[in-house]
Each structure stands twice: as C-alpha cells, then as structure tokens.
Amino acid sequence: MREAAFAELIGPPGVEIRERPAPIPDSGEAVVDVGACSINRHDLWILEGDSAMVDGDDLPFVSGLDLAGTVAEVGDGVTAVAPGDRVVLCPNETCGTCEFCREGPENLCENFSLYHGGLAERALVDADRLVVLPDEVKTTTAAALPTAYMTAWHMLRRADVTAGDRALVLGATGGVGVACVQLLDVLGAASIGTSTSEAKLRRLSDLGCDVPVEVDSPDALRGAVGEVDAVLNHLGGEYTRAALDALRRGGRMVICGRTAGDRSSFDVADLFLNHYRVIGSTMGTQADLERLVELVAAGDLDPVVGEEYDLEDTAAAFADMRSRDLFGKSIVHP
Ligand SMILES: NC(=O)c1ccc[n+]([C@@H]2O[C@H](COP(=O)([O-])OP(=O)(O)OC[C@H]3O[C@@H](n4cnc5c(N)ncnc54)[C@H](OP(=O)(O)O)[C@@H]3O)[C@@H](O)[C@H]2O)c1
Ligand SMILES: [Zn+2]
C-alpha cells in the first residue's frame, strides 16, 4: 500500500510517498481502507518540526488523524464493526484506567494522546474508536469532522453557548474557525468571524456568519466587534488580550490553540473584576463526534470541504495550508 510519510521535518518538501506492506489487525483492532483523511494545522506543525509529539527519532512518520473509509479487516474479538462498514475514526487515544477515563470526560485523560496514520491507503486502528456512518453521511464529509468539528463543538459546550448568544470566532475561515461558525448557527447563536482575507470573509458570509470582520492584527480587533458573550479562540497570542476586551461582564473565552502565538499579557484585575471565565479545551469526546455525525445525517450540519487532493499531492495540501490559501477543511484521498 502507499502512504504519505514525513521523511524529514522541513515542511512540505519533507513529504515522501512510499510503499509499505498493508497492516494486519491484531485483537481489538481494525484495518480501514481510507477513502478520505482531512489535514489539520497540527499535522503541519509536526511536518515543520514544531511539535513536541514527533522528533527525528520517529521518522518516517505517517500523520493524519481524521480518517474515514471502509472497514477492510477486523481482528479477534471485534464486534462493534465488521468488514464493509463505512466508518470515521475518533482520533482520541486514552488509557481507560485514569480518573477521567472512568468518570469522564475522556478527553481529560491523564495519558491523553492522538492517533496518527490516516495519510495512507490502509490504516490500523483501535476498533472501539470507529463510529459507523449512516448512508446520509458521505465518507469525505465524515473525514472533515473529527479534529476540527469535534474540538469546536466541545469548545461551544465548554463556553455554555446557547440560542441568542453573540460569539466571536477568531480566525474564522480555517478548520476550527468555520466549524465554530457553523455550529454556532446550529445552536441558534450569532457569530462574528474574523479573517485577514476579504475574499474568505465573503465565503464566510455566504455560509451564514452574521458579522464577518476583516482584522489583520490584535489592535485592529479592538472596537471592531462590539460586545460578545463568548470568544472561541484558536489564534492565541495577543489576540487573546484584545478579545478579552470584547467580552461582556461574566463572559467566557475558550482557548484551543496558538496559531498566532504562545503568549499574551493582560491585567489580572480585568479577569476578576469582570467575572470572566477563561477556559482551556482540547479535542472532544467520542460522544461529541457521534453527535456531529447525527447532525450531518439529519441535514442540520454540512461541513465545509475546501480543497481535495490525491495522496501524491499531500505536500501541496500542506503548502496551501501554510500559505493560508484555504477555506474550511482540506481533504487528502489516499
Ligand atoms: N487543542 C486542540 O484539541 C485543538 C484541536 C484542533 C485545532 N487546534 C488548534 O487550533 C488552531 C487552528 O487549527 P486549524 O486546523 O483549524 O488551522 P487552519 O485551518 O490552518 O486555520 C486557519 C485560520 O487561522 C488563521 N490564521 C492562520 N495563521 C494566522 C496568523 N498568523 N495570524 C492570524 N490568523 C491566522 C487563518 O486566517 P486568514 O483567514 O486570515 O488566513 C484562518 O482563519 C491550531 O492552532 C491548532 O493547533 C487545537
Ligand atoms: Zn485515562
């Protein structure tokens, strides 16, 4: 089988298409014939050598968390899925024994890790992490869901967003950003979405974003968005400080990323005098993913697939992500 492996952590030129024997499932495992795998900034950071999860000793490394396809083979003891089932993988890897695995939510697992290996024709996975797809949910659509939509859905839950709320989505045109805008709509909340690109903001508006705002720096955010009940923040950096200023008293900010920087400084008195809640959040639960599949099947959510690539063009997919030349999710078809 073919796979897109990271042979060097030097950015897109480090991707190498190579042949490898297909995996064989052990007890509790399944092999999925991968029809689609979406990529995330997380994969790009690995490829650029900017992730603590992968270093030179792990090369060649096959990334790709968000795979969907058809079960090809199952190992002993697998009853949840059978060959021929169309499935999407929940990429959470948890220990099953810690306090959070026992009492939930599972994404707080003390030994939390992520699955990698979807950028290949066949992927070996834990069968219990597969969610079976109803006929209404296409394989490509399902591959858009796990990391971006699951994270966004969990963030909205953590922010207690309800109908009628007004929420600011920073960097609203990528995977997590578009997911937040669409899911706010599902909840009946209004969205204010930011981007540096006028063209991408037009697409965001067509998608139902209530207030698209062109913002090219944290300073430009100040005063540009009015008062909001919640902020969904994957940009981090000084956008964090600027977005706190937009929060109403008692407002919530949920942070899941650091796309624009690791650090922000703010006056702690602003936090306590305004009763702000600033919440960190990572990924979501398998139950969140199952809920998203239901929303798609019911016609309430149509995840945005921006660009699609053949496995041979995986390097180009990452180059487009790096140049910010994308809208929504990018999908690689192995
Ligand atoms: N903690 C978790 O579990 C988790 C899960 C998923 C994602 N994340 C994090 O969330 C972030 C987004 O991931 P993604 O896959 O959605 O990425 P993505 O699709 O590449 O995000 C693109 C968006 O980010 C904006 N952007 C990119 N670089 C920027 C910069 N330097 N300054 C300002 N805006 C910038 C783009 O703005 P323009 O429209 O202006 O180009 C666009 O709106 C990443 O930091 C990722 O690690 C975390
Ligand atoms: Zn655990």
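All of these numbers come straight from a predicted model, not from anything done at the bench. (Residues numbered from 1 in each chain as written. Chains lettered and ligands numbered in written order. Predicted model: local features only at pLDDT ≥ 70, side-chain atom pairs only at ≥ 80, totals over all residues.)

(A) Highlighting the overall build of the protein chain. For the protein chain, the count of helices and strands is ten helices and 17 strands. What you see for the protein chain is a C-alpha radius of gyration of 20 Å, in line with the 20 Å of a compact globule of 334 residues. Dimensions along the principal axes, computed over C-alpha positions, put the protein chain at roughly 55 × 40 × 35 Å. When each of the 334 residues of the protein chain is scored for burial, the buried share is 47%. For the protein chain, long-range pairs separated by at least 24 residues make up 67% of all intrachain contacts whose partners lie at least 6 apart in sequence. (Helix = DSSP H or I, 4+ residues; strand = E, 2+ residues; numbered from the N terminus. Rg over C-alpha atoms; globule rule 2.2 N^0.38 Å. Buried ≥ 20, exposed ≤ 12 C-beta atoms within 10 Å, placed from the backbone. Contact = placed C-beta atoms within 7 Å.)

(B) Geometry of the sheet that holds strand 14 (residues 247–255). Judged by pairing direction, the sheet is parallel, and its six strands sit side by side in the order 12-11-10-13-14-15 without closing on themselves. In this open sheet, the two strands that pair with only one neighbour each are strand 12 (211–214) and strand 15 (277–280). Taking the axes of each pair of neighbouring strands and ignoring which way they run, one obtains an average angle of 15° across the sheet. Packing of helix 4 (residues 175–187) onto the sheet brings it into contact with strand 10 (166–169), strand 11 (190–195) and strand 13 (228–233), and relative to strand 11 it is tilted by some 165°. (Pairing = 2+ DSSP bridges. Axes fitted to C-alpha atoms, helices over the stretch in contact; angles between N-to-C directions.)

(C) Representation of unusual backbone geometry within the structure. The omega torsion across L59 and P60 is -10°, close enough to zero to call that bond cis. Secondary-structure assignment places P60 in the loop between helix 1 (41–47) and strand 4 (66–74). Note the cis peptide between G104 and P105, where omega equals -5°. Along the chain, P105 turns up in the loop between helix 2 (99–103) and strand 7 (113–114). The backbone of M283 shows a phi angle near 50°, a positive value even though the residue is not glycine. Here M283 shows up in the loop between strand 15 and helix 9 (286–297). Judged by the 22 C-beta atoms lying within 10 Å of it, M283 is buried.

(D) Highlighting the packing of helix 3 (residues 139–158) against helix 9. At a closest axis distance of 9 Å, the pairing of helix 3 and helix 9 adopts a crossing angle of 120°. Between helix 3 and helix 9, the angle falls in the class oblique. Crossing handedness for the pair helix 3 and helix 9: right-handed. Contacts between helix 3 and helix 9 involve T141, A142, L145, P146, Y149, M150, W153 and H154 on the former and, on the latter, D288, L289, R291, L292, V293 and V296. Tallied by class, residues from the contact of helix 3 with helix 9 come to ten nonpolar, two polar and two charged. (Parallel < 35°, antiparallel > 145°, perpendicular 65-115°, else oblique. Left-handed = near helix turned anticlockwise from the far one by under 90°. Nonpolar A, V, L, I, M, F, W, Y, C, P; charged D, E, K, R; others polar.)

(E) Examining the domain arrangement of the protein chain more closely. Considered domain by domain, the protein chain is made up of domain 1 (2–149 + 283–333) and domain 2 (151–280). Between domain 1 and domain 2, the C-alpha centre-to-centre distance is 26 Å. The interface of domain 1 with domain 2 comprises 18 residues on the first partner and 16 residues on the second. Breaking the side of domain 1 that touches domain 2 down by element, the ones donating at least two residues are helix 3 and helix 9. At four residues, the largest contribution of residues to the side of domain 1 that touches domain 2 is made by helix 9. (Domains from an automatic or database assignment.)

(F) Quick look at the site of ligand 1. Close to ligand 1 lie 28 residues; G174, G175, S195, T196 and G257 are nearest. Of the residues in the shell around ligand 1, the class split is eight nonpolar, 16 polar and four charged. Taken together, domain 1 (2–149 + 283–333) and domain 2 (151–280) each give at least three residues to the shell around ligand 1, which thus spans both. (Near = placed C-beta within 6 Å.)

(G) Local environment of the environment of G177. Inspection of the secondary structure assignment puts G177 in helix 4. Measuring from C-alpha to C-alpha, the distance between G177 and G77 comes to 39 Å, with 100 residues separating the pair along the chain. Excluding residues that lie within four positions of it along the chain, G177 makes contacts with V169, G171, A172, G193 and H234.

(H) Summary view of helix 4. Helix length check: helix 4 (13 residues) gives 18 Å between terminal C-alpha atoms against 18 Å at 1.5 Å per residue, within 8%. Judged by how many residues are buried, helix 4 sits mostly within the fold: ten of 13 residues are covered. G175, V176, G177, V178, A179, C180, V181, Q182, L183 and L184 are the residues of helix 4 that are buried. Where the residues of helix 4 are buried, they touch helix 3, strand 10, strand 11, helix 5 (198–206), strand 13 and strand 17 (329–333). (Expected span 1.5 Å × (residues − 1).)

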